[in-house]
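Structural characterization, general
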Amino acid sequence: VQLVESGGGLVQPGGSLRLSCAASGFTFSSYGMSWYRQVSGKERELVAGITSGGGTTNYEDSVKGRFTISRDDVRNTVYLQMNSLKPEDTAMYYCKATRVVLLKRYTYWGQGTQVTVSS
């Protein structure tokens, strides 16, 4: 099982980035996918999530209207489009895959990609 994030980097305030998370080794379409972020010394927080099939999305309040999560079940990839970036969006961003089968939870994490918003 692998989740590989990419697309992070340094961007100026107001700029945009598109994160990608490529999945392999499991049935991607059956998993809910989400993006989390973590600042050193703080807890990891949920940024956005999307259900298997893509029918429902949810967002942390501070990113609503600026970030968009989407998935491509043919390419086994989940995306996070981030617009109007702010310095407080600076963090390590991780993708997570989750599925519950017969009350057993299966969870996989990627290694993270750094996003830095600074002038």
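Quick notes on the rules
Residues numbered from 1 in each chain as written. Predicted model: local features only at pLDDT ≥ 70, side-chain atom pairs only at ≥ 80, totals over all residues. Heavy atoms only, no water. Helix = DSSP H or I, 4+ residues; strand = E, 2+ residues; numbered from the N terminus. Rg over C-alpha atoms; globule rule 2.2 N^0.38 Å. Pairing = 2+ DSSP bridges. Axes fitted to C-alpha atoms, helices over the stretch in contact; angles between N-to-C directions. Contact = heavy atoms within 4.5 Å. Polar contact = N/O pair within 3.5 Å; in protein donor to acceptor, adjacent residues only side chain to side chain. Core = buried A, V, L, I, M, F, W, Y, C linked by side-chain atoms within 4.5 Å. Buried < 20%, exposed > 50% of the residue type's maximum accessible area, 1.4 Å probe, protein only. Phe/Tyr/Trp six-rings, centres within 6.5 Å; stacked < 30°, edge-to-face > 60°.

On to the overall build of the chain. Scanning the chain from N- to C-terminus turns up zero helices and eleven strands. The secondary structure elements of the chain, listed N-terminal to C-terminal, are β-β-β-β-β-β-β-β-β-β-β. Relative to the compact-globule value of 14 Å for 119 residues, the chain shows a C-alpha radius of gyration of 14 Å, a close match. Taking the principal axes of its C-alpha atoms as reference, the chain extends roughly 45 × 30 × 25 Å.

Strand order in the open sheet formed by four strands is 1-3-8-7, with antiparallel pairing between adjacent strands. Edge positions in the sheet fall to strand 1 (2-6) and strand 7 (67-72), since each has one partner strand and no second. For this sheet, the mean angle separating the axes of adjacent strands, direction not counted, is 15°.

All right, on to the environment of Tyr36 then. Structurally, Tyr36 is set in strand 4 (residues 32-38). Spatially, the C-alpha atom of Tyr36 lies 12 Å from that of Tyr108, the residues being 72 residues apart in sequence. Dropping the residues within four chain positions of it, Tyr36 is found in contact with Arg44, Glu45, Leu46, Val47, Met92, Tyr93, Tyr94, Lys96 and Trp109. At 3.1 Å, the side chain of Tyr36 forms a polar contact with the side chain of Lys96.

Where strand 1 lies against strand 3 (residues 17-24), five bridges are found, and the strand directions are antiparallel. By the bridge assignment for strand 3, Ser6 is matched with Ser20. Note: strand 3 against strand 8 (residues 77-82), six bridges, orientation antiparallel. Each residue of the ladder has a partner; that of Leu19, found in strand 8, is Leu80.

Core analysis: the biggest nonpolar cluster contains 27 residues, and Trp35, Val78, Leu80, Met82 and Tyr93 have the highest contact counts within it. Those residues in contact with Met82, other than ones at most four positions away along the chain, are Gly15, Ser16, Leu17, Leu19, Arg66, Phe67, Tyr93 and Val115.

A separate point is the packing of aromatic side chains. For the structure on display, the rule yields six aromatic pairs. When the centroid spacing of 5.2 Å and the interplanar angle of 40° are considered together, the rings of Phe26 and Tyr108 count as tilted. Placement of the pair is Phe26 in the loop between strand 3 and strand 4 and Tyr108 in strand 10 (residues 104-109), with a sequence separation of 82 residues. Between the aromatic rings of Tyr36 and Trp109, the centroid separation amounts to 5.0 Å while the plane-to-plane angle is 65°, which identifies the pairing as edge-to-face. Here the residue Tyr36 occupies a position in strand 4, and Trp109 occupies one in strand 10, the gap between them amounting to 73 residues. Using a relative accessible area of 15% as the deciding quantity, one classes Tyr36 as buried. Since its relative accessible area comes to 37%, Trp109 is described here as partly exposed.

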